[in-house]
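Overview (structure and organization)
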Amino acid sequence: MYKCYSFLFILLYTTSFAQTSFIKHQIHEGFFHPYYNYPVNIIGIDMDHDGDIDILGGQKPLSVSWWENDGSENFAVHLIDEKVNSISTLYPVDLDNDGDTDVLASAHSLQQIYWWENDGNLNFSEKLMRIPHNGERLQFVDFDDDGDNDVFVVDVGGKDISWLENDGQQYFKAHALLELARDITDAKAIDLDLDGDLDILVDAWHTYWFEHTGNGQFSQHEIVNIDYPGSEIEEIADVDNDGDLDILSSHFWHENDGYQNFSYHRADDLNLMYRFELIDLVDFDFDGDYDVLGHSLSKLTWFENDGSMHFVPHPMSDTRYNDISAVDMDRDGDLDIVTWIWKGSVLNWLQQQNAPAPFILFKPYNNSTVMDTEILFSWYPSQDTDQDSIEYNFYLAGAHSDTIITELRHPNFVFEGEDWFELNQTYSWYVEAIDGYDTTRCLEKFHFKIPDQEILSNSDKYYLASNYPNPFNESTTFSFNIPQPCFVQLAIYNPFGQKVAELVNENLIAGYYQILWLPEDISSGLYIYQLRTNHFNHCKKCMFLK
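Predicted, not measured: the structure shown is a model, and the values here were computed from it.

Further remarks concern the overall build of the protein chain. Of the regular secondary structure elements, the protein chain holds 1 helix and 46 strands. Within the protein chain, the fraction of its 546 residues that count as buried is 50%. A separation of at least 24 residues holds for 47% of the contacts in the protein chain among residues at least 6 apart in sequence.

Here is the structure:
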């Protein structure tokens, strides 16, 4: 049963676009160690290679865990290690090239790196790497191009950058790369100039890149010389889709002109994005450009890129999260979000609910004339990729009253408007699809007209109305009705019987038609217009005045 609401005054019409909402699912709550409960970063990854997304995470400074997904987003926790000293960030990587996922962890203020070797059955054994300086920030790249993963090591808060050479047997030899004069906030190894070798990008109050010139030698280039303490390099990607690598930091984005000349843009030009931490660069709406997923101290937001590097914020949650990870957890083709909340040590995932797909109206056709006050409204059904059931809200607006009909379960219904419609008035209508979470409006609002009584009374007959306006000097409209499908001709003749215009010459379905005529290259005077079918032939006069 649908519900109908009528209003005697005109309602303000507002545009409504497809929205995205999220359903929260709890994965884990509680501490492994009551006194050491600050969460390590969380990562969505298929740890057991069974085709679904598991979660790797832990709690500072002692525990490392992974949560096994059973394929239906039910999770069982597995401890990898619960007696680790001072870990800060976890990294999943196949360090020993045996086809499974090992786990590494950087450490606060220790000259060592933990890693846990996976035996292929998800049994992990702890190992250590010694490094020449603290290594809070790690990256895994094949630095010497020999087919295995080496380790790029950054002393955050210090001045040193080095790399650990993997000999293929998981023995690692340290090599110094850079020693800077200022404390390092962040650094990454990346082929910034796209010449086939790895350069180094560094944030140390100023932002630099060190071009690899060969044989382990680097040439320093300054990207921006603004002192901005605490800025971190969040993402390196082709942000503006022009074929080169740009840089997104926590306070700026640096636009590459293709020759590694960078112009910086304050992130507050991107809707105050500089207030956000935990920034991810993802194509959240799958439209071919990069959007930004960010979290501040009290708000989770994604910033929609309009394709021209203008970003529109979409708030998602006001919860204080300590880490976030965007991943398609339920494998339905969109991005969900895994979150960890420090208070109570709560691990959740936010399931993205797709709004119903856009759809279009069908009948009455747009800008048509309807020859009855009992009208069948119909539209093409919307689809929902989440397989949620869809209901429709119908909106009908006239000059003096509006009606809303809700909870329609089918994409059509009959509106009995004998006592509602006014003659010789134009009406508009549109429909919204609702799946219980989100609402999508049809792509275009339609209009139709209820004609006057003379036309309505001839709706079951062949009928040719007087043109309007008449006389006319620029344009006039011819109206006619045909009660059944047939071949129709509508032509204009001068007083000598010569045809000056042919407006209709085709098969038409039954209905009421209005045809606009814009005369060209004719003189002022009297003209005859003729409507002809197999069963009807009628003429009327019109006057053209220049």
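Picking up after the structure, the text goes on.
Now for the pattern of salt bridges. With the rule as written, the count across this model stands at 7 salt bridges. Between D183 and K159 there is a salt bridge, and its shortest N-O distance comes to 2.8 Å. Pair noted here: D183 is in the loop between β15 (172–179) and β16 (186–190) and K159 is in the loop between β13 (150–154) and β14 (160–166), with a separation of 24 residues, a long-range link. With a relative accessible area of 35%, D183 lands in the partly exposed category. Using a relative accessible area of 32% as the deciding quantity, one classes K159 as partly exposed.

Before going further, it helps to spend a moment on the environment of D191. Along the chain, the position of D191 falls in the loop between β16 and β17 (199–204). Excluding residues that lie within four positions of it along the chain, D191 makes contacts with G196, D197, L198, D199 and L245. A distance of 3.1 Å separates a polar side-chain atom of D191 from the backbone nitrogen of D195. Within the local environment of D191, its side chain forms a polar contact with the backbone nitrogen of G196, the two atoms lying 2.8 Å apart.

Here the protein chain averages 82 in pLDDT, while 86% of its residues score no lower than 70. Of the regions scoring below 50 in pLDDT, residues 1–18 engages in 45 contacts with residues more than four places distant in sequence or in other chains. Scored below 50 in pLDDT, residues 267–274 makes 22 contacts in the model with residues more than four places away or belonging to other chains.

The next subject is the pairing of strand β45 (residues 525–532). The pairing of strand β42 (residues 486–493) with β45 spans 5 bridges and is antiparallel. By the bridge assignment for β45, Y493 is matched with I528. Bridge count between β45 and strand β46 (residues 537–544): 8 bridges; the pairing is antiparallel. Its bridge partner being in β46, Y529 is matched across the sheet by K540.

What counts, and where the lines are drawn
Residues numbered from 1 in each chain as written. Predicted model: local features only at pLDDT ≥ 70, side-chain atom pairs only at ≥ 80, totals over all residues. Heavy atoms only, no water. Helix = DSSP H or I, 4+ residues; strand = E, 2+ residues; numbered from the N terminus. Buried < 20%, exposed > 50% of the residue type's maximum accessible area, 1.4 Å probe, protein only. Contact = heavy atoms within 4.5 Å. Salt bridge = Lys/Arg side-chain N within 4 Å of Asp/Glu carboxyl O. Polar contact = N/O pair within 3.5 Å; in protein donor to acceptor, adjacent residues only side chain to side chain. pLDDT = per-residue confidence, 0-100. Pairing = 2+ DSSP bridges.

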